[in-house]
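# Examining the three-dimensional arrangement
Take a look at the letters that make up each chain.
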Amino acid sequence: LPACWDSQLFIKDLHFDGVPIRIYLPREPSASQRRGVVFIHGGCGIFGSISKELKEKIICRYIARKSDSVVVSTYGVDPARIIVCGDSAGGTFTATVCQVLGGRTDIPKIRAQVLIYPFLQALNFNLPSHQKNAAVGFLSRERTVHFILKYLNKDSSLKEPILASSHVPENINLKYRKWINPDLIPDVFKLGYKPPLPALFLPQVHEEVPELFEPWISPLLAEDAAICGLPDTCIVTCEHDVLRDEGLLYKKRLEDNNIHVTWHHVEKGFH
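Bear in mind the structure is a predicted one, so any value in this text is a computation, not a measurement.

### Re helix α9 (residues 244-256)
When the terminal C-alpha atoms of α9 are compared, their 19 Å separation across 13 residues agrees well with the 18 Å that a helix rising 1.5 Å per residue should span. Extensive coverage of α9 is indicated by the burial of 10 of its 13 residues. When we look at burial in α9, the residues that qualify are Arg-244, Asp-245, Glu-246, Gly-247, Leu-248, Leu-249, Tyr-250, Lys-251, Arg-253 and Leu-254. Backbone geometry just after α9 places Asn-258 at a positive phi near 65°.

### Examining the pattern of salt bridges
Per the stated rule, a full pass over the model turns up 15 salt bridges. The partner of Asp-106 in a salt bridge is Arg-104, with the nearest N and O atoms 2.7 Å apart. Owing to a relative accessible area of 56%, Asp-106 belongs among the exposed residues under this scheme. Among the charged side chains, a salt-bridge network with shared partners connects Lys-132, Glu-239, Arg-244 and Asp-245.

### Regarding the UniProt feature "domain: Alpha/beta hydrolase fold-3" (unreviewed entry) in the chain
UniProt marks residues 75-164 and 213-271 with the feature "domain: Alpha/beta hydrolase fold-3" (unreviewed entry), using the numbering shown here. Its end C-alpha atoms 24 Å apart, residues 213-271 is made of 29% helix and 32% strand.

### Description of the environment of Thr-237
Secondary-structure assignment places Thr-237 in strand β7 (residues 232-240). For Thr-237 and Leu-14, which are 223 residues apart along the polypeptide, the C-alpha to C-alpha distance reads 32 Å. With sequence-adjacent residues up to four places away left out, Thr-237 is seen in contact with Arg-244, Gly-247, Leu-248, Trp-263, His-264, His-265 and Val-266.

### Side note on the domain arrangement of the chain
Under the domain assignment used here, the chain contains domain 1 (9-120 + 219-270) and domain 2 (128-213). At the junction of the two partners, domain 1 supplies 25 residues and domain 2 supplies 25 residues. Both sides together, the interface formed by domain 1 and domain 2 hides about 2,300 Å², and carbon and sulfur atoms give 71% of it. The residue Lys-132 makes a salt bridge to Glu-239 at a minimum N-O spacing of 3.4 Å. On the surface where domain 1 and domain 2 come into contact, there are seven residue pairs in polar contact (both at pLDDT 80 or more). For the side of domain 1 that touches domain 2, the elements supplying multiple residues, two or more each, are β7, α9 and β8 (261-270). Considering every element that reaches the side of domain 1 that touches domain 2, the biggest residue donor is α9, with seven residues. A class-by-class count of the residues in the side of domain 1 that touches domain 2 yields 13 nonpolar, three polar and nine charged.

### Brief notes about the pairing of strand β6 (residues 112-116)
The buried count for β6 comes to four of five residues, which makes it a mostly enclosed element. On the question of chirality, the crossover connecting strand β5 (residues 77-87) to the parallel β6 by way of helix α2 (residues 89-101) is right-handed. By the bridge criterion, five bridges tie β6 to β7 in an arrangement that is parallel. For Gln-113, the partnering residue across the bridge sits in β7 and is Thr-233.

### Quick notes on the confidence of the model for the chain
In the predicted model, the chain carries a mean pLDDT of 90, and the fraction of residues at 70 or more is 93%. Mean pLDDT per element in the chain: helix α1 (residues 53-67) is the minimum at 74, and α9 is the maximum at 98.

### Considering the environment of Leu-220
You can see Leu-220 is positioned in the loop between α7 (203-208) and α8 (224-227). As for Leu-220 and Lys-268, which are separated by 48 residues in sequence, their C-alpha atoms are 25 Å apart. In this structure Leu-220 touches Leu-120, Gln-121, Trp-179, Ile-180, Glu-246, Leu-249, Tyr-250 and Arg-253, once residues within four positions along its chain are discounted.

### Focus on α2
The end-to-end C-alpha distance of α2 is 18 Å, a good match for the 18 Å that 13 residues give at a rise of 1.5 Å each. Check the buried side of α2 and you find it contacts β3 (34-40), β5, β6, α8 and α9.

### Quick word on the nonpolar core
The tendency in soluble globular proteins is for nonpolar side chains to be buried side by side. Residues Leu-123, Ile-180, Leu-230, Tyr-250 and Leu-254 are the most contacted members of the largest nonpolar core, which totals 28 residues. Looking at this core, the elements with two or more residues in it are α2, α6 (170-176) and α9. No other element matches α9, which puts four residues into this core. Built from parts of two domains, this core gets at least three residues from each of domain 1 (9-120 + 219-270) and domain 2 (128-213). For Leu-254, the residues in contact, after removing those within four places along its chain, are Gln-113, Ile-227, Leu-230, Thr-233, Ile-259 and Val-261. Counting residues in each nonpolar core, the second largest holds 23 residues, with Val-70, Ile-83, Cys-85 and Ile-116 among its members.

What counts and how
- Residues numbered from 1 in each chain as written.
- Predicted model: local features only at pLDDT ≥ 70, side-chain atom pairs only at ≥ 80, totals over all residues.
- Heavy atoms only, no water.
- Helix = DSSP H or I, 4+ residues; strand = E, 2+ residues; numbered from the N terminus.
- Expected span 1.5 Å × (residues − 1).
- Buried < 20%, exposed > 50% of the residue type's maximum accessible area, 1.4 Å probe, protein only.
- Salt bridge = Lys/Arg side-chain N within 4 Å of Asp/Glu carboxyl O.
- UniProt positions renumbered as here; feature names shortened; annotations may be inferred.
- Contact = heavy atoms within 4.5 Å.
- Domains from an automatic or database assignment.
- Buried area = accessible area lost by both parts, 1.4 Å probe.
- Polar contact = N/O pair within 3.5 Å; in protein donor to acceptor, adjacent residues only side chain to side chain.
- Nonpolar A, V, L, I, M, F, W, Y, C, P; charged D, E, K, R; others polar.
- Right-handed = clockwise from strand over helix to strand, strands pointing away.
- Pairing = 2+ DSSP bridges.
- pLDDT = per-residue confidence, 0-100.
- Core = buried A, V, L, I, M, F, W, Y, C linked by side-chain atoms within 4.5 Å.

And the structure:
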């Protein structure tokens, strides 16, 4: 869809280094450089575009109007006040971008990241929120893994063993249990939770999906050196969302590394 007219915003489509983007620029002149917001939309990396109705009419326009920010563009933006924001898989990409850029000294540091119900790990699909919201639409537990496999161009037959955690060898489980563990989730979010039986490790499945353990797919698995360089963070979680606990675990990781985190939990919200 073409960019729509807005009385308060200039909206136009451009390309940044070949990537199609849409700019939302407040019409009201500013006496100084505005903050900039780079918004990365969700869709599991395989759905959606810059012209998605929800993002076009609600999120990006709202951010631009209410925060007097230029959304996406670098036009008239203060380089010391750039925020990266994303929802769902866009939250994954946001977390990854901030981890990669956190160690750079040749560019201004990202001021903040906003993660809206992000996908952050592909190690364990049996956390309390996975059990509680396994069949909740739009994003069920099975669809989550199905979309990941589609994004990575992997065979869909791998879905069931990954759901059972059969892709994770014991040494990896032991390495990351300090960061991905139901014991780290507050008790209020574990009502009715039943720990799963130990999974049978299948080496052939593990060999098919080594990407699942990389920080660009699972930012929650990044080493402390990458986490320590992160900017101020806002995390939004929803009660009726399979990804809820990933946001909670990432919140704890960041706080353990002295990163300032603002957390918003929507009790009646869903993905």
